[in-house]
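# Summary of structural features
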Amino acid sequence: MPTSSSASTTGSAKSTSGGVQSLERAFDLLERMADTGGEVGLSELSASGGLPLPTIHRLMRTLVACGYVRQQANRRYVLGPRLIRLGESASRLLGTWARPCLARLVEATGETANMALLDGDEVVYVAQVPSKHSMRMFTEVGRRVLPHSTGVGKALLATVPDDEVRALLSRTGMPAATERTITTPDGFLAALADVRRLGYAVDDNEQEIGVRCLAVPVPDSPTAAAISISGPAGRVTESTTEKIVPVLQQMAAELSRALAGSGS
């Protein structure tokens with residue numbers, strides 16, 4: 001007996017966009033779980049997405065069986081460990097896609113260019129192209145830092161609601177890397193207000209004395225991302241900032257388009 005007639009009523013039916021509906025729904029569930037902090041109940045998923053509970057339960061059972069979701073003793077669901085491997089691989093690829101833009105940024109500014117992501121409560125550097133100057137800044141790819149003392153951290157958190165930023169800072173603390181580091185939540189929130197107003201972030205000797213960093217977010221990135229240049233404070237001055245920031249913003253827009261194209 002033909003089975004094609006039943007496909008339209010199952011999760012394997014094609015969606016109106018030409019994709020497979022069950023896959024679209026499963027990824028939507030994963031993204032909504034991430035939006036809620038990684039833990040959620042079936043009723044919450046049903047209320048926020050409009051799918052019937054039996055459909056959500058069937059999809060979640062499949063995700064649990066594959067290791068992408070885990071069910072806890074309290075019957076709530078959390079994101080599973082297999083996603084970590086996917087995320088790490090995607091982060092490496094994101095850095096690979098960013099390198100051509102970062103290389104052009106180095107050519108245009110003369111300073112070391114970086115790309116960083118917000119991973120949980122930390123900033124992780126995923127790509128770097130070094131300056132050609134003999135005196136240059138170097139940050140190891142894969143290095144993790146707290147966001148409150150970095151330009152990329154400010155750029156990444158500028159779009160996050162203030163109450164969520166305060167919660168993050170309460171978890172991480174705000175240790176001083178230098179005497180210039182911002183060490184109070186109110187001071188950091190004021191700095192984020194400046195980022196929103198100016199369109200870029202500054203690390204002015206806050207992570208390392210003698211080093212200044214300028215950073216901007218990558219618009220519409222699939223995950224929160226920022227790019228930056230860093231160099232000696234004697235080269236990255238107030239006057240050079242006016243020239244560098246438009247280049248940073250242009251390269252961030254180009255990287256945004258490149259990332260969008262890579263998923264098409």
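Let me sum up the structure you'll find in this document. (Residues numbered from 1 in each chain as written. Predicted model: local features only at pLDDT ≥ 70, side-chain atom pairs only at ≥ 80, totals over all residues. Heavy atoms only, no water.)

## A few points about the overall build of the protein
- Tallying secondary structure elements over the protein gives nine helices and nine strands in all.
- Burial analysis of the protein (264 residues in total) assigns 42% to the buried set.
- For the protein, the proportion of contacts with a sequence separation of at least 24, taken over those separated by at least 6, is 55%.
- Carbon and sulfur atoms make up 55% of the accessible area of the protein, which totals about 14000 Å². (Helix = DSSP H or I, 4+ residues; strand = E, 2+ residues; numbered from the N terminus. Buried < 20%, exposed > 50% of the residue type's maximum accessible area, 1.4 Å probe, protein only. Contact = heavy atoms within 4.5 Å. Areas by Shrake-Rupley, 256 points an atom, 1.4 Å probe, with all protein chains shown as cover.)

## Notes on the sheet that holds strand β2 (residues 69-71)
- Spatially, β1-β3-β2 is the arrangement adopted by the three strands of the open sheet, whose pairing is antiparallel. In this open sheet, the two strands that pair with only one neighbour each are β1 (39-40) and β2.
- Both β2 and strand β3 (residues 77-79) contribute to a ladder of three bridges, which runs antiparallel. Within the sheet, the bridge partner assigned to Arg 70 lies in β3 and is Val 78.
- Of the strands in this sheet, β1, β2 and β3 touch helix α2 (residues 21-35), which is tilted by about 90° from β3.
- Here helix α4 (residues 53-66) sits on the sheet and contacts β2 and β3; the angle it forms with β2, its principal contact strand, is near 105°. (Pairing = 2+ DSSP bridges. Axes fitted to C-alpha atoms, helices over the stretch in contact; angles between N-to-C directions.)

## So, the pairing of strand β4 (residues 112-119)
- Burial analysis of β4 places seven of its eight residues in the buried class, the great majority of the element.
- As paired elements, β4 and strand β9 (residues 225-232) share six bridges and run antiparallel to each other. Counterpart to Ala 116 in the pairing with β9 is Ala 226.
- One ladder, built from seven bridges, connects β4 with strand β5 (residues 122-129); its direction is antiparallel. The residue bridging Ala 113 from the neighbouring strand is Val 129, located in β5.
- The turn linking β4 back onto β5 is made up of two residues, and Gly 120 within it adopts a positive phi angle of 65°.

## Topic: unusual backbone geometry
- Positive phi values are uncommon outside glycine, yet Arg 75 reaches one of about 75°.
- Exposure remark for Arg 75: the relative accessible area of 57% places this residue in the exposed category.
- Here the phi dihedral of Asp 220 falls at roughly 60°; this positive angle occurs in a residue that is not glycine.
- Assignment of secondary structure puts Asp 220 in the loop between β8 (211-217) and β9.

## Brief notes about the pattern of salt bridges
- Using the criterion set out here, one finds 15 salt bridges in the structure.
- Across the salt bridge formed by Arg 32 and Asp 28, the nearest N and O atoms sit 2.9 Å from each other. In this pair, Arg 32 and Asp 28 both sit in helix α2, four residues apart, roughly one turn of the helix.
- With its nearest N and O atoms 2.6 Å apart, the salt bridge here joins Arg 144 to Asp 119. Of this pair, Arg 144 sits in strand β6 (residues 144-145) while Asp 119 is found in strand β4, placing the two residues 25 residues apart along the sequence.
- Residue classification places Arg 144 among the partly exposed residues on the basis of a relative accessible area of 41%.
- You can call Asp 119 partly exposed: its relative accessible area is 37%.
- Shared partners join several salt bridges into a network, and the residues in it are Arg 180, Asp 204, Arg 212 and Glu 238. (Salt bridge = Lys/Arg side-chain N within 4 Å of Asp/Glu carboxyl O.)

## Comments concerning the packing of α2 against α4
- As a packed pair, α2 and α4 sit with axes 10 Å apart at the nearest point and diverge in direction by 80°. As the angle between them shows, α2 and α4 are arranged roughly perpendicular. Contacts between α2 and α4 pair Ser 22, Arg 25, Ala 26, Leu 29, Leu 30 and Met 33 from the former with Thr 55, Ile 56, Leu 59, Met 60 and Leu 63 from the latter. (Parallel < 35°, antiparallel > 145°, perpendicular 65-115°, else oblique.)

## What to know about helix α7 (residues 162-172)
- Where α7 is concerned, the buried positions are Val 165, Leu 168 and Leu 169. Angular distribution of buried residues about the axis of α7 spans 95°; they occupy a single face of the element. Those residues of α7 that are exposed and aimed more than 90 degrees away from the buried face are Asp 163, Ser 170 and Arg 171.
- On its buried face, α7 is in contact with α6 (151-157) and α8 (185-198). (Arc of directions from axis to C-beta.)

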